[in-house]
Amino acid sequence: MRLLPSREQSNALRQHFHVEDDDICSHVVGESVPWPRLPIEDFAPLRQTELPELLEAGFGNIIQQMDSLSKEMEALQQRLAEVEEALGAQPRCRQAVLYDLGTRKYELRQPLAVQLEEYDEEAVARIPELDVFASADTDSDALGLIKREVVGLYEELAATPVERLGERPLAWLRLLERVIQVAEPA
Amino acid sequence: MPSLRSVKYRDLITALERKVGLDFRQGKERNAKYELDGKVRLRVTAPKKHGADVLPGTAKAIRNQLALGTAQFLNLVNCPMTGADFEEVVRQKIQQGLL
């Protein structure tokens, strides 16, 4: 690190303090540096005016870079938190199959596929083709509850005149009529 | 950034009842039908109360029942989407033969 003034700065100093070459007396290892012979208090204006500039030239860049790095770190931390949140929101998914509807009233002609989604705080059983779901603490509870939802949907649709069903509810009814039948009395 | 993890129970119920016009007291269990032009188009299940927030899996399932994308669903719950806007989305899907 250069602690002494450069030749240009020395020239500026000489002009500033109106000193001649004869007054210059300093020697530095490896380089002869002219220095005005002046009482120490005369350097006060120099410290006030040029020292901050010298410091800024030396450290200003580093400070700017550190500021920039700090902002980038902050942005990365924010992004990391978002990614962690997004990953945490992703459920663990698996397929399950219903073989009955948990009631003696109806039977399934064929098994019904259910999508199980396990989140940190809940398990959700869904049948996307029917737009029904059930949420519970555990996947087995959710599977038990979705059977009720399927029965409820079937009974609701069966009780509604067909002409009052839109395309999607009509598709639900057709699917349910294919897979559900009234159980034979024992 | 809003997500399905930040849906408030009260906001969702308010949006479903006031904007979509669902009445959960009439349906069986916690389900309500959405009718348009004299036909049932959607069936929506009310979320269970679990603290102040709706759990993300439940929010996603209700979003699917409403036939909305995530951004549309969050707009419905958090105010910008009006009941008329929602009806317009449903009408578009009816035209596409989806509802």
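All figures in this text were calculated on a predicted structure; none of them were measured in a lab. For every chain, the first residue of the written sequence is number 1, and numbering continues from 1 along that sequence. Whichever chain is written first becomes A and whichever ligand is written first becomes 1, with later ones labelled in order. Reporting of local features is limited, given that this is a predicted model, to residues whose pLDDT is at least 70; pairs of side-chain atoms are given and counted only at 80 or more, and all residues count toward the totals for whole chains, interfaces and linings.

## Looking at the overall build of chain A
The way it works is that DSSP assigns letters per residue, a run of H or I at least four long becomes a helix, a run of E at least two long becomes a strand, and they are numbered from the N terminus. Of the regular secondary structure elements, chain A holds five helices and six strands. Reading chain A from its N terminus to its C terminus gives the helix and strand order α-α-α-β-β-β-β-β-α-α-β. Scored against the burial criterion, the 186 residues of chain A give a buried share of 16%. Restricting to contacts in chain A with at least 6 residues of sequence separation, those with at least 24 account for 32%. In this scheme every C-beta is placed from the backbone, and a residue whose C-beta has 20 or more other C-beta atoms within 10 Å is buried, one with 12 or fewer is exposed, and one in between is partly exposed. Two residues qualify as being in contact provided that their C-beta atoms, derived from the backbone, are within 7 Å of each other.

## Some words on the sheet that holds strand 4 (residues 123-127) of chain A
The pairing criterion for strands is at least two bridges between them, as found by DSSP. Spatially, 1-3-4-5 (chain A) is the arrangement adopted by the four strands of the open sheet, whose pairing is antiparallel. Every other strand in the sheet has two partners, leaving strand 1 (92-98) and strand 5 (132-136) of chain A as the edge strands with one partner each. Within the sheet, the average angular offset between the axes of one strand and its neighbour, ignoring direction, is 25°. Pairing geometry for strand 1 of chain A and strand 3 (residues 112-118) of chain A, over seven bridges, is antiparallel. Its bridge partner lying in strand 3 of chain A, Q95(A) is registered against Q115(A). The sheet contacts of helix 2 (residues 56-65) of chain B involve strand 3, strand 4 and strand 5 of chain A, and relative to strand 4 of chain A the element is tilted by about 20°. Note on geometry: axes are lines fitted to C-alpha atoms, helical ones only across the stretch in contact, with angles between N-to-C directions running from 0 to 180 degrees.

## Some details on helix 3 (residues 70-77) of chain B
Residues and elements named next belong to chain B. Those residues of helix 3 lying buried are F73, L74, L76 and V77. End-on view of helix 3: buried residues confined to an arc of 155°, all on one side of the axis. The inward-facing, buried residues of helix 3 abut helix 1 (9-19), helix 2 and helix 4 (83-95). Phi for C79, located one or two positions after helix 3, is positive at around 105°. This arc describes the spread of directions from the helix axis toward the C-beta atoms.

## Comments concerning the nonpolar core
Membership of the largest hydrophobic core comes to 46 residues, with the highest contact counts inside it found for I146(A), V150(A), L153(A) and V44(B). With near-sequence residues (within four places) excluded, L153(A) lies in contact with L130(A), V132(A), W172(A), L176(A) and R43(B). A set of buried Ala, Val, Leu, Ile, Met, Phe, Trp, Tyr and Cys residues, joined to one another through C-beta atoms within 7 Å, is what we call a nonpolar core.

## Re the interface of chain B and chain A
Facing 25 residues of chain B, the contacting portion of chain A comprises 23 residues. Top element by residues in the side of chain B that touches chain A is helix 2 of chain B. It accounts for six residues. Residue classes in the side of chain B that touches chain A are distributed as nine nonpolar, nine polar and seven charged. Residues were grouped as follows: Ala, Val, Leu, Ile, Met, Phe, Trp, Tyr, Cys and Pro as nonpolar; Asp, Glu, Lys and Arg as charged; and all remaining residues, including Gly, as polar.

## Details of the environment of L130(A)
Residue and element names in this part refer to chain A. With respect to the secondary-structure elements, L130 resides in the loop between strand 4 and strand 5. When the 24 C-beta atoms within 10 Å are taken as the criterion, L130 is described as buried. Through-space distance from the C-alpha of L130 to that of L175 is 8.3 Å; in sequence the pair is 45 residues apart. Look past the residues within four positions of L130 in its chain and what remains in contact with it is V150, L153, W172 and L175.

## Side note on the packing of helix 4 (residues 139-158) of chain A against helix 5 (residues 167-179) of chain A
Angle between the axes and distance between the axes are the two parameters that describe a pair of packed helices. Residues and elements named next belong to chain A. Direction vectors running N to C along helix 4 and helix 5 enclose 110°, while the axes themselves pass 10 Å from each other. In terms of axis orientation, helix 4 runs roughly perpendicular to helix 5. Here the hand of the crossing between helix 4 and helix 5 comes out left-handed. Across the interface between the two elements, L153, Y154 and L157 from helix 4 touch P169, W172, L173 and L176 from helix 5. For the contact of helix 4 with helix 5, a count of residues per class yields seven nonpolar, no polar and no charged. The labels follow the angle: roughly parallel below 35 degrees, roughly antiparallel above 145, roughly perpendicular from 65 to 115, and oblique for the rest. Helix crossings get a hand from a simple test, with the near helix turned counterclockwise from the far one by less than a right angle marking a left-handed crossing and a clockwise turn marking a right-handed one.

In short, geometric facts, not functional conclusions.
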